[in-house]
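# A structural walkthrough
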Amino acid sequence: MKIVFAGTPEFAAQAMRAIDGAGHQIVLVLTQPDRRAGRGMHLQASPVKVFAQEKNIPVLQPETLKREHADPQKRAAAQEAYQYLSEIDFDAMVVVAYGLILPQDILDVASRNNRHGCFNIHASLLPRWRGAAPIQRAIESGDANTGVSIMQMDAGLDTGDTVLVEGLKITSQETSASLHDRLAVLGSELMVRVLDDLDQGAALTRRPQPSEGITYAEKILKKEAEIDWHVSAIEIDQRIRAFNPFPGSTSYLHGEQFKFWNARLPSKMQTHQNATPGQVLEFEGDGVFVQCGDGVIEVLEMQKPGGKKTSASACLQSYRTQEKIMQFKKD
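### Considerations on the sheet that holds strand β6 (residues 92-96)
Reading across from one edge, β5-β2-β1-β6-β7-β9-β10 is the order of the seven strands in this open sheet, with mixed pairing throughout. Each having just a single partner strand, β5 (59-60) and β10 (162-169) make up the two edges of the open sheet. Bridge count for strand β7 (residues 118-122) against strand β9 (residues 145-152) is four bridges, and the pairing is antiparallel. Bridge pairing in β9 links Ile 121 to Ile 150.

### A few points about the pattern of salt bridges
Enumeration according to the criterion identifies 15 salt bridges in this entry. Across the salt bridge formed by Lys 49 and Asp 34, the nearest N and O atoms sit 3.2 Å from each other. With Lys 49 in helix α2 (residues 47-54) and Asp 34 in the loop between β2 (25-30) and β3 (35-37), this residue pair connects regions lying 15 residues apart in the sequence. Assessed through its relative accessible area of 11%, Lys 49 is described here as buried.

### Comments concerning the packing of helix α1 (residues 10-21) against helix α6 (residues 176-199)
When two helices pack together, their arrangement is given by the angle between the helix axes and the distance between those axes. Taken N-terminus to C-terminus, the directions of α1 and α6 make an angle of 35°; their axes are 9 Å apart at the nearest point. Here the hand of the crossing between α1 and α6 comes out right-handed. Two secondary-structure elements touch here, α1 through Phe 11, Gln 14, Ala 15, Ala 18 and Ile 19 and α6 through His 180, Leu 183, Ala 184, Val 185, Ser 188, Met 191, Val 192 and Leu 195.

### Quick look at the side chain of Gln 32
Structurally, Gln 32 can be placed in the loop between β2 and β3. By relative accessible area, Gln 32 is classed as buried at 11%. Here the side chain of Gln 32 touches Arg 35 through a polar contact of 2.5 Å, side chain to side chain. A polar side-chain atom of Gln 32 sits 3.4 Å from the main-chain carbonyl oxygen of Tyr 98.

### Observations regarding a nonpolar patch on the surface
A contiguous nonpolar patch, built from Leu 157, Ile 214 and Tyr 216 and spanning about 280 Å² of accessible area, is present on the exposed surface. One can find Leu 157 in the loop between β9 and β10.

### Examining the state of the cysteines
Tallied over the full model, the rule gives zero disulfides. This cysteine, Cys 292, is not joined by any disulfide, and Cys 315 carries the nearest cysteine sulfur, 17 Å off. By relative accessible area, Cys 292 is classed as buried at 1%.

### Digging into the packing of aromatic side chains
For the coordinates displayed, the defined rule picks out five aromatic pairs. Taken together, a centroid distance of 5.6 Å and an interplanar angle of 75° make the contact between Phe 258 and Tyr 319 edge-to-face. Residue Phe 258 is found in strand β13 (residues 256-264), and its partner Tyr 319 is found in the segment after α8 (312-316); the two are separated by 61 residues along the sequence. Between Phe 260 and Phe 328, the aromatic rings sit 5.2 Å apart at their centres with planes inclined by 75°, giving edge-to-face as the arrangement. Within this pair, whereas Phe 260 is found in strand β13, its partner Phe 328 is found in the segment after α8, the two being separated by 68 residues in sequence. Among the residues examined, Phe 260 registers a relative accessible area of 0% and is labelled buried. Overall, the relative accessible area of 1% leaves Phe 328 in the buried class. Through a chain of ring-to-ring contacts, the aromatic side chains of Trp 229, Phe 258, Phe 260, Tyr 319 and Phe 328 assemble into a single cluster. The lysine or arginine in question, Arg 115, covers the ring of Phe 90, its NZ or CZ lying 4.0 Å from the ring centre.

The rules behind the values
- Residues numbered from 1 in each chain as written.
- Predicted model: local features only at pLDDT ≥ 70, side-chain atom pairs only at ≥ 80, totals over all residues.
- Heavy atoms only, no water.
- Pairing = 2+ DSSP bridges.
- Helix = DSSP H or I, 4+ residues; strand = E, 2+ residues; numbered from the N terminus.
- Salt bridge = Lys/Arg side-chain N within 4 Å of Asp/Glu carboxyl O.
- Buried < 20%, exposed > 50% of the residue type's maximum accessible area, 1.4 Å probe, protein only.
- Axes fitted to C-alpha atoms, helices over the stretch in contact; angles between N-to-C directions.
- Left-handed = near helix turned anticlockwise from the far one by under 90°.
- Contact = heavy atoms within 4.5 Å.
- Polar contact = N/O pair within 3.5 Å; in protein donor to acceptor, adjacent residues only side chain to side chain.
- Patch = residues over 30% accessible without salt bridge, like charges linked within 9 Å, V, L, I, M, F, W, Y side chains within 5 Å.
- Areas by Shrake-Rupley, 256 points an atom, 1.4 Å probe, with all protein chains shown as cover.
- Disulfide = S-S within 2.5 Å.
- Phe/Tyr/Trp six-rings, centres within 6.5 Å; stacked < 30°, edge-to-face > 60°.
- Lys NZ or Arg CZ within 6 Å of the ring centre and 35° of its normal.

Now the structure itself:
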């Protein structure tokens with residue numbers, strides 16, 4: 001199969017490597033423009049672009065695919081991408097965490113001349129968690145299960161028919177980082193299976209998404225990261241794990257912002273008498289127990305300003321003798 005691949009982050013790059021490794025030929029890559037990142041704010045290529053360059057695959061990086069865009073330069077780049085797609089020979093298009101909406105004219109090109117259209121790897125059990133951040137929102141909401149949906153794309157936001165779906169369990173210690181890795185493996189396997197079936201002439205079974213159970217996974221914003229200690233320990237635990245690795249949950253102690261990377265619910269969820277939300281109750285091993293609005297959470301991994309990730313106990317050790325009550329607060 002000759003494939004046009006559109007994607008940007010590591011989740012997409014893993015699928016791209018699997019497709020290439022399965023013997024399918026990627027003839028063009030669409031990916032987001034290079035972005036500035038890191039302490040030096042240098043331009044960095046996306047993981048998808050890096051792999052494409054290693055394989056000498058042509059790369060296009062338009063800022064938009066809308067040919068009617070008001071900006072002349074963006075409009076010209078979108079026209080170039082459309083023209084390139086119209087002229088090359090390919091069998092299907094695979095889209096994974098690309099970051100740009102595919103307009104109808106691009107979808108039409110991918111379905112022209114007996115092509116198979118556009119397929120998307122989406123990291124949820126559609127129609128639950130359509131949108132930008134399905135992995136994080138599933139953990140934040142306390143979902144017991146998630147999975148991967150291979151979807152035949154249409155012009156809507158993750159509204160197309162599914163052709164292959166497989167679920168997996170979200171563990172009680174799952175972070176977005178660990179779930180991302182498991183879903184990336186699963187998504188790559190399922191996408192290769194779909195392409196192999198098409199290559200062998202098999203007909204795919206398209207299933208319209210149910211009209212009930214639709215939820216939207218809004219983009220994660222940095223302002224969501226600050227911990228509200230007045231909510232339940234269950235909610236705080238879910239949010240700490242959901243926001244690992246981005247943006248990282250935060251709270252303040254002595255005017256300094258600490259990041260919280262991992263936590264768990266202790267076996268006993270009692271509220272300590274006279275303790276206030278955010279108050280450090282005790283140290284035990286690597287963990288630190290903190291009072292919440294309802295129940296107690298055991299924080300396991302933290303990071304102080306300018307420091308490295310470490311156990312919560314080690315991170316707060318130097319603060320233990322400074323005052324009788326150690327209290328985390330919002331800014």
